[in-house]
Amino acid sequence: MGYTNWHGLPWGGIDMNFSGGLLNVNYHNRIMNFGETNGEICDNNGNLLFSSNGIFIANAINDTMLNGSGLNPSYYTNLHDSDGLFIGQGNLVIPFPGNSSMYYLFHSTVDDYGNTWCALHLYYSLIDMTQDSGRGSVIQKNIVLLNDSIVPGRLTACKHANGRDWWIICHEYNTNRYYKFLITPQGIIGSGSQNIGVVRDSHQGQCVFSPDGSRFAYYEPIVGDLDILNFDRCTGDFSNLVHVDINDSATSGGGAAFSPNSKVLYLSSMNYVYQFNTDTTNISATQTTVAIYDGYNSPFPPFATSFYLSQIAPNGKIYVNCSNSTQAMHVINYPDSIGLGCNVCQHCIQLPAYNGFTIANHPNYFLGAKVGSMCDTVLSVQNIKEHDSNFQLFPNPVVNDEVTFT
């Protein structure tokens, strides 16, 4: 993240490294400027593979990936060619199921510029990391997955209950309809849509799945406020809507993040951080204000370190960026704890350069199969015994090359 158009501190890139469970913040001189849109992926050892700001894709050696320029063609994209897109959750990287060298980048921009400010397309691009000596190449680019008026950004994903495939979620503009796509080894399957929750428009906000995939939250403070839903990882269906009207003083976007135990939800809403205990029958009654903006500016007024987008990190803490370009971030140190014990530490993360209110858009890449689920279709000999179902094998004994489980 960070601004890199002007070289030298306090301008430049910022790396937040969580290797070993500890946060290390470092200055990094790179060619990519991050305004708000931030999609990236690392290998299993934590080494960066590629990143994208919605304008182009950069490889691990800080260069434009082969065929990686020209994402999201639109007038709005051209306006922000040097800065990166200013769209929260504007892109999302998903590993290709069953192929460790391939990755999808899902992305959108603002197409109806100056009117509804909505996106008219959901795109994907396909990256092959075996090409260009392991630095990767974009082998398919700007492939239209959906033609419709949709909320720009707000792209998020959850592992299917089989632990291999992925559900990708986006929202139609000016309706309460969610579009859902299932990502499988055979490709992207259009899995339909569902009308649930409040009507959403193009105002900034954030949507997020809980780490265990059982819950989903969508928060946008200007129009819509908070929806909390249950999520079925097998079918992709939402249910049990809980709507909460926040109605606070927020005049721009807000963020959302679940705790590591998937039971506690946090909203970051400019001047406030709210907490909800979702493990109760009356979720709205548990709303607690766990932080109030303390007036701090970074590096000086009027660059207020107010609360914006949130992201749970590998160390189990939640990091909250600011709604201005600042050299600070906030951290929720103990997000599983109910009440003020969660310890919201304001502007405790000092950054070596200005961060243009961006934060990486990461789903839970480590979520496994839902053991015992009837749709856990990726089975091994080791986990068959953990299922509650009784399996029958025929023919028994096996007399040819085919065997059937029922």
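A quick note: this is a predicted structure, and the numbers were derived from the prediction, not measured. (Residues numbered from 1 in each chain as written. Predicted model: local features only at pLDDT ≥ 70, side-chain atom pairs only at ≥ 80, totals over all residues. Heavy atoms only, no water.)

**Topic: the overall build of the protein**
The helix and strand tally for the protein stands at two helices and 27 strands. Taken over the C-alpha trace, the protein has a radius of gyration of 21 Å; the compact-globule value for 406 residues is 22 Å, and the two agree within 12%. In terms of overall dimensions, the protein has a C-alpha envelope of 80 × 55 × 45 Å along the principal axes. Within the protein, the fraction of its 406 residues that count as buried is 53%. (Helix = DSSP H or I, 4+ residues; strand = E, 2+ residues; numbered from the N terminus. Rg over C-alpha atoms; globule rule 2.2 N^0.38 Å. Buried < 20%, exposed > 50% of the residue type's maximum accessible area, 1.4 Å probe, protein only.)

**Some words on the sheet that holds strand β23 (residues 318–322)**
If you walk across this open sheet you meet the four strands as β22-β23-β24-β25, and the pairing is antiparallel. Every other strand in the sheet has two partners, leaving β22 (307–312) and β25 (344–356) as the edge strands with one partner each. Averaged over all adjacent pairs, the angle separating strand axes in this sheet is 30 degrees, with direction ignored. Pairing of strand β24 (residues 325–332) with β25 involves six bridges; the strand directions are antiparallel. Residue pairing in the sheet places Ala328 in a bridge with Gln350 of β25. (Pairing = 2+ DSSP bridges. Axes fitted to C-alpha atoms, helices over the stretch in contact; angles between N-to-C directions.)

**Let's talk about the packing of aromatic side chains**
Scanning the model with the defined rule gives 21 aromatic pairs in all. Ring centres of Tyr178 and Phe238 lie 5.0 Å apart, and the angle between their planes is 50 degrees; on these two criteria the pair is classed as tilted. You can see Tyr178 sitting in strand β12 (residues 175–184) and its partner Phe238 sitting in strand β17 (residues 238–244), a full 60 residues away along the chain. Accessibility expressed as a relative area gives 1% for Tyr178, which makes it buried. For the pair Tyr272 and Tyr274, a centre-to-centre distance of 5.8 Å together with 20 degrees between the ring planes defines the contact as stacked. Joined through ring pairs, the aromatic side chains of Tyr178, Phe209, Phe216, Tyr218, Phe231 and Phe238 make up one cluster. (Phe/Tyr/Trp six-rings, centres within 6.5 Å; stacked < 30°, edge-to-face > 60°.)

**Thoughts on the confidence of the model for the protein**
Per-residue pLDDT for the protein has a mean of 90; in total, 90% of the residues score no lower than 70. Per-residue pLDDT stays below 50 along residues 379–406; that stretch engages in 26 contacts with residues further than four places along the chain or on separate chains. (pLDDT = per-residue confidence, 0-100. Contact = heavy atoms within 4.5 Å.)

**Details of the side chain of Ser125**
You can see Ser125 is positioned in strand β8 (residues 119–128). Discounting chain neighbours no more than four positions away, the residues touching Ser125 are Leu71, Tyr103, Tyr104, Leu105, His107, Val138, Gln140, Lys141 and Asn142.

**Things to note about the state of the cysteines**
Here is the idea: a disulfide is a covalent bond, and it sits between the sulfur atoms of two cysteines. Tallied over the entire structure, the rule returns two disulfides. Paired through a disulfide, Cys234 and Cys375 show a sulfur-sulfur distance of 1.8 Å. Taking the sign of the S-S torsion, about -80 degrees here, the bridge from Cys234 to Cys375 comes out left-handed. Placement of the pair is Cys234 in the loop between β16 (225–231) and β17 and Cys375 in the loop between β25 and α2 (381–384), with a sequence separation of 141 residues. (Disulfide = S-S within 2.5 Å.)

**Re the nonpolar core**
Counting 34 residues, the largest nonpolar core has Phe50, Phe106 and Ile168 as its most contacted members. Every element with two or more residues in this core is listed here: β4 (48–52), β6 (91–95), β7 (102–107), β8, β9 (137–150), β11 (166–171) and β12. Once residues lying within four places of it in the same chain are set aside, the contact partners of Phe106 are Gly90, Asn91, Leu92, Ile94, Tyr123, Tyr124, Leu145, Leu155, Ile168, Ile183 and Ile188. Core analysis: the next-biggest nonpolar cluster, separate from the first, contains 23 residues, Ile14, Ile55, Tyr76 and Ala353 among them. (Core = buried A, V, L, I, M, F, W, Y, C linked by side-chain atoms within 4.5 Å.)

**Looking at the environment of Gly134**
Along the chain, the position of Gly134 falls in the loop between β8 and β9. The spacing of Gly134 and Leu49 is 85 residues in sequence and 9.1 Å in space, taken between C-alpha atoms.

**Here's the deal with empty space enclosed by the protein**
If you walk through the whole model with that rule in mind, you get one cavity of 30 Å³ or more. In this structure, the largest cavity encloses a volume near 40 Å³. Taken together, Glu36, Gln89, Gln206, Leu309, Ile359, Ala360 and Asn361 make up the lining of the largest cavity. Taken together, the residues of the lining of the largest cavity break down into three nonpolar, three polar and one charged. (1 Å grid on protein atoms, 1.4 Å probe; cavity = no way out; pocket = protein on both sides within 12 Å on 5 of 7 lines; lining within 4 Å. Points joined across faces, edges and corners; volume = space filled by probe spheres on them. Nonpolar A, V, L, I, M, F, W, Y, C, P; charged D, E, K, R; others polar.)

**Some thoughts on the pairing of strand β20 (residues 272–277)**
Relative to β20, strand β19 (residues 264–269) runs antiparallel, the two being bridged by six bridges. Residue pairing for β20: Val264 is matched across the bridge by Asn277. Between β19 and β20, which pair antiparallel one after the other, the connecting turn spans two residues, and Met270 there sits at a positive phi close to 60 degrees. In the sheet, β20 pairs with strand β21 (residues 288–292) via four bridges, with the strands oriented antiparallel.

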